[in-house]
Amino acid sequence: MKKIPFTKMHGCGNDYIYVNAMLHPIADPQACAIAWSNRHKGIGSDGLVLIDRSPVPEADYSMRIFNADGSEAMMCGNASRCIGKYLYERGLTAKTEIRLLTLSGIKTLCLHLTVNKVESVTVDMGEPVLADGSQFDDSLGLSQGVFVSMGNPHYVIFTDDVDQVAVTGPALEHHPAFPQRCNIEFARMESGGHIRTRVWERGSGITQACGTGACATAVAASLTGRAGRESDIVMDGGTLHIEWHGTDNHVYMTGPAEFVFDGEAYAP
């Protein structure tokens, strides 16, 4: 069996296993994601992230991300911030602005440094794609829901009871209204521009945070008049600052990224 070096990192508690695929290519990332993500019999994570060279000159590096169930995700804001920290602090780049190729397009990472350490990262998440949430209301029975795509689909529900995520999240992820499944956010408006949000991630279940989910929540709150174009999204694992710029219509997410530990794992 082949041993693969890995690094575990998290962004606001949204934890993934990172592998430098430039040095250690993985033949079956889906199987590795399932085995390694198991929190009782594996390393424990929300999924597996592969960092690789970019096949196109417009980007510096590429990212592939596999959820804990082995399904491949389009994009992850928390993972992209961690990749920025990984590339810089492991000496793979000296750039403080990195272009990262994802299945949702090229995302620009702006690294904020303190004494050559990456303290936080701002990610240009691009333009949100909006849909009339009312088209889902009849089938879901949730008139307050708003559908926003941040390169992956999100359905944001404003409610006083964000803890219903554990009960309602699984059913909504697989609801017929979402043939490709969907990420589900339960959000409660609080004072001072803060929005308390809990997330059911497609393919992973409840996670401590979700970068694209935070962006979708901020956009939904602005669209419905609950907030302006700038919000702090308070998730189980920490807070992400989201700005939806009126000039370019892009959403910018800023938050931390942290190393947890390095190790080696057998590829199944």
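Coordinates for the structure precede this section.
Rules used in this analysis
Residues numbered from 1 in each chain as written. Predicted model: local features only at pLDDT ≥ 70, side-chain atom pairs only at ≥ 80, totals over all residues. Heavy atoms only, no water. Helix = DSSP H or I, 4+ residues; strand = E, 2+ residues; numbered from the N terminus. Buried < 20%, exposed > 50% of the residue type's maximum accessible area, 1.4 Å probe, protein only. Disulfide = S-S within 2.5 Å. Core = buried A, V, L, I, M, F, W, Y, C linked by side-chain atoms within 4.5 Å. Contact = heavy atoms within 4.5 Å. Phe/Tyr/Trp six-rings, centres within 6.5 Å; stacked < 30°, edge-to-face > 60°. Lys NZ or Arg CZ within 6 Å of the ring centre and 35° of its normal.

Engineer: Could you give an account of unusual backbone geometry, with specific residues and numbers?
Structural biologist: Of note in this structure, Cys 12 is not a glycine but carries a positive phi near 55°. Summarising the element assignment, Cys 12 is placed in the loop between strand 1 (3–11) and strand 2 (14–20). Here Cys 12 falls in the buried class, since its relative accessible area comes to 5%. Positive phi values are uncommon outside glycine, yet Val 115 reaches one of about 50°. For Val 115, the location among the structural elements is in the loop between strand 7 (105–114) and strand 8 (117–124). Since its relative accessible area comes to 74%, Val 115 is described here as exposed.

Engineer: Explain the state of the cysteines to me, using residue names and the numbers behind them.
Structural biologist: Inspection of the entire model under this criterion finds zero disulfides. Not engaged in a disulfide, the cysteine Cys 82 finds its nearest cysteine sulfur in Cys 76; these two sulfurs lie 8.0 Å apart. No disulfide involves Cys 182; its sulfur sits 11 Å from that of Cys 210, the nearest cysteine. The exposure class of Cys 182 is buried, given its relative accessible area of 0%.

Engineer: Hey, could you go over the nonpolar core for me, with residue numbers and the actual values?
Structural biologist: Among the nonpolar cores identified, the biggest contains 52 residues, and Tyr 18 and Ile 242 are the most heavily contacted of them. With seven residues, the single largest contributor to this core is helix 5 (residues 211–223). When residues no more than four places from it in sequence are discounted, the contact partners of Tyr 18 are Phe 6, Thr 7, Met 9, Val 49, Ile 51, Asn 78, Ala 79, Cys 82 and Ile 83. Judged by nonpolar contacts, the second largest core, of 14 residues, contains Ile 17, Val 19, Leu 50 and Ala 267.

Engineer: I'd like a description of the packing of aromatic side chains, backed by residues and values.
Structural biologist: The final tally for this structure, using the stated rule, is three aromatic pairs. On the numbers, 6.3 Å between centres and 15° between planes, the contact of Phe 147 with Phe 178 is stacked. With Phe 147 in strand 10 (residues 145–149) and Phe 178 in the loop between helix 4 (165–173) and strand 12 (183–189), this pair connects stretches of sequence that are 31 residues apart. An identical accessibility class is assigned to Phe 147 and Phe 178; each is buried. An aromatic cluster of at least three residues, connected via ring pairs, comprises Phe 147, Tyr 155 and Phe 178. Positioned above the aromatic ring of Trp 244, the side-chain terminus of Arg 229 is 4.1 Å from the ring centre.

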